[in-house]
Amino acid sequence: MTSKRRIGDREVYPVGLGCMNITHAYGPPMDETEAKALLVRALDIGYNFLDTATLYGFGRSEELIGEALKDRRDSYFLASKCVLGFKDGQRTLDARPETIKAACDASLKRLQTDVIDLYYMHRPDPNVPIEDSVGALSELVAAGKIRMIGLSEMGAADLRRAHAVHPIAAMQSEYSLWVRNPEIAIKAACEELGVALVAFSPVGRGFLADPPVDPAKFHESDLRGSIFPRFDPENYAANLPLLDEARACAAEVGCTVAQLALAWTMAKGDNILPIPGTTSLQHLEENWRAGQIELSDDMVARLDASFLPEKAVGPRYSPMGQSVVTTEMYPFERDQA
């Protein structure tokens, strides 16, 4: 399992580092000195795929990477995202070609680099044909500002439309034992087209851990308390029994529940790269070691059966969250929405 995995023509360690929650989403941002130390430590122990976005911390995640790692730029593969941006402290959604190009220039400045290895469309824009947006990204490739194009939170139909304009190197989708939606269509489409599947939230936003996160302790700014229905008190209580089998499997393998979740994700395909995020140095090292765990086919099948999609209680997104993505849904999610 320690063999490298491909994104386009590059090879990286199979576990990447998601750089959202150092500044954004799950409560107050990290102390910036500690955040920079975590980024440096990540490279020191062997991470070489960092994934951020314009939106995270309204640009601050990119800035921290630039400030902490600008002298080590050649030692890691850098991904960021456009389309979801910000203006006057408010989130924006804009995939017009001119906006994408301006966003790229701004990200390059914040990241203190000349080129972004993988630049994703963070979300589809219903007001702009995806062909126009990908056309702008292909011009950025030609200009040498980005090396590869990615998509995020889109379904198979959008992937095929985009890929017809310019090769898509990676699709980022939420994928974990708790969120199996890529298995509806996008996982197979990625395999067919030779696209890497970058799995975000592979430990279920902290659910796939021992102990799991406690929603009662979420900070008021934590998005898990508002747009992720599975963390609603009733739903969460009903989901907790899913962890019993995960704990038993982890004990048999000799790893943590989070490591088991990461190893399962990687076992689902050679083109899959999980990108867990963390604010903890201990979890940073634990997640990295998951890349060295190989699960047997029997264990993968056992986990598949224990975490059948319909066993999850609640849709993965609120109606508002689902409205801005084109990822496929299971029928039970529509019924529970």
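Use the structure listed above.
Numbering of residues starts from 1 in every chain and runs along the sequence as written. Whole-chain, interface and lining totals are the exception, using all residues; otherwise, since this is a predicted model, local features are given only for residues with pLDDT of at least 70 and side-chain atom pairs are given and counted only at 80 or more. The side-chain quantities take in all heavy atoms of the structure and omit both hydrogens and water.

Caption draft 1: Region of the structure containing the sheet that holds strand E3 (residues 17–18). The parallel open sheet is built from eight strands, whose spatial order is E3-E4-E5-E8-E9-E10-E11-E12. Because the sheet does not close on itself, it has two edges, and the strands there are E3 and strand E12 (272–274). One requirement defines pairing of two strands: DSSP has to find at least two bridges between them. Every helix listed is a DSSP run of H or I at least four residues long, and every strand listed is a run of E at least two residues long, numbered separately from the N terminus.

Caption draft 2: Inspection of the packing of aromatic side chains at higher detail. Any two of the Phe, Tyr and Trp rings considered here, Trp counted by its six-membered ring, make a pair once their centres fall within 6.5 Å; the pair's planes then place it as stacked at under 30 degrees, edge-to-face at over 60, or tilted in between. Within the structure shown, the criterion is met by 11 aromatic pairs. Centre to centre, the rings of Phe-207 and Tyr-236 are 5.7 Å apart; their planes meet at 70°, and the pair counts as edge-to-face. With a gap of 29 residues between them, Phe-207 in the loop between strand E11 (196–200) and helix H7 (233–239) and Tyr-236 in helix H7 connect regions that are remote in the sequence. Relative accessibility thresholds used throughout: buried, under 20% of the residue-type maximum; exposed, over 50%; partly exposed, between the two (1.4 Å probe, protein chains only). We classify Phe-207 as buried; its relative accessible area is 0%. Aromatic pair Phe-231 and Tyr-236: ring centres 5.4 Å apart, planes at 25°, arrangement stacked. Classification of Tyr-236 by relative accessible area gives buried; the value is 5%. Put simply, the rings of Trp-178, Phe-207, Phe-218, Phe-231 and Tyr-236 touch in pairs and so form one group of aromatic residues. Note on geometry: a ring has a charge over it if NZ (lysine) or CZ (arginine) is within 6 Å of the ring centre and within 35 degrees of the ring normal. Lying across the ring of Tyr-26, Arg-224 places its NZ or CZ 4.3 Å from the centre.

Caption draft 3: View of helix H11 (residues 297–306). Among all positions in H11, only Met-299, Val-300, Leu-303, Asp-304 and Ser-306 are buried. Looking straight down H11, one finds that the buried residues subtend no more than 165° of arc, so they occupy a single side. For H11, the exposed residues set more than 90 degrees away from the buried face come down to Asp-297 and Asp-298. The arc in question is traced by the directions running from the helix axis to the C-beta atoms.

Caption draft 4: Layout of the side chain of Ser-61. Mapped onto the elements, Ser-61 comes out in helix H2 (residues 60–69). The exposure class of Ser-61 is buried, given its relative accessible area of 0%. Every residue pair with non-hydrogen atoms within 4.5 Å of one another is taken to be in contact. Ignoring anything within four residues of it in the chain, the contact list for Ser-61 reads Cys-19, Ile-22, Thr-23, Thr-52 and Tyr-56.

Caption draft 5: Highlighting the pattern of salt bridges. We define a salt bridge as a side-chain nitrogen of Lys or Arg found within 4 Å of a carboxyl oxygen belonging to Asp or Glu. With the rule as written, the count across this model stands at 33 salt bridges. Residues Glu-153 and Arg-316 are paired through a salt bridge, measuring 3.1 Å at the closest nitrogen-oxygen approach. With Glu-153 in the loop between strand E9 (146–152) and helix H5 (156–165) and Arg-316 in the loop between H11 and helix H12 (319–323), this pair connects stretches of sequence that are 163 residues apart. The burial state of Glu-153 is the same as that of Arg-316; both residues are buried. Here Arg-302 and Glu-252 are joined by a salt bridge, their closest N and O atoms 3.0 Å apart. Highlighted residues: Arg-302 in helix H11 and Glu-252 in helix H8 (residues 242–253), separated in sequence by 50 residues. Looking at Glu-252, the relative accessible area reads 53%, which means it is exposed. Salt bridges here are not isolated pairs; linked through shared partners, they connect Glu-32, Lys-36, Arg-60, Glu-63 and Glu-67.

Caption draft 6: Spotlight on unusual backbone geometry. For the bond running from Asp-210 to Pro-211, omega is 5°, close enough to zero to count as cis. Considering the arrangement of structural elements, one finds Pro-211 in the loop between E11 and H7. Notably, Gln-112 is not glycine yet its phi reads approximately 55°, a positive angle. Its place among the elements puts Gln-112 in the loop between helix H3 (97–111) and strand E8 (116–121). The backbone of Ser-201 sits at a positive phi, close to 50°, despite the residue not being glycine. By the element assignment, Ser-201 lies in the loop between E11 and H7.

Caption draft 7: Fine view of the pairing of strand E6 (residues 84–87). Bridging between E6 and strand E7 (residues 90–93) involves four bridges; their strand directions are antiparallel. If you follow Gly-85 over to E7, its bridge partner there is Thr-92. Adjacent in sequence and paired antiparallel, E6 and E7 are bridged by two residues, among which Asp-88 carries a positive phi angle near 55°.

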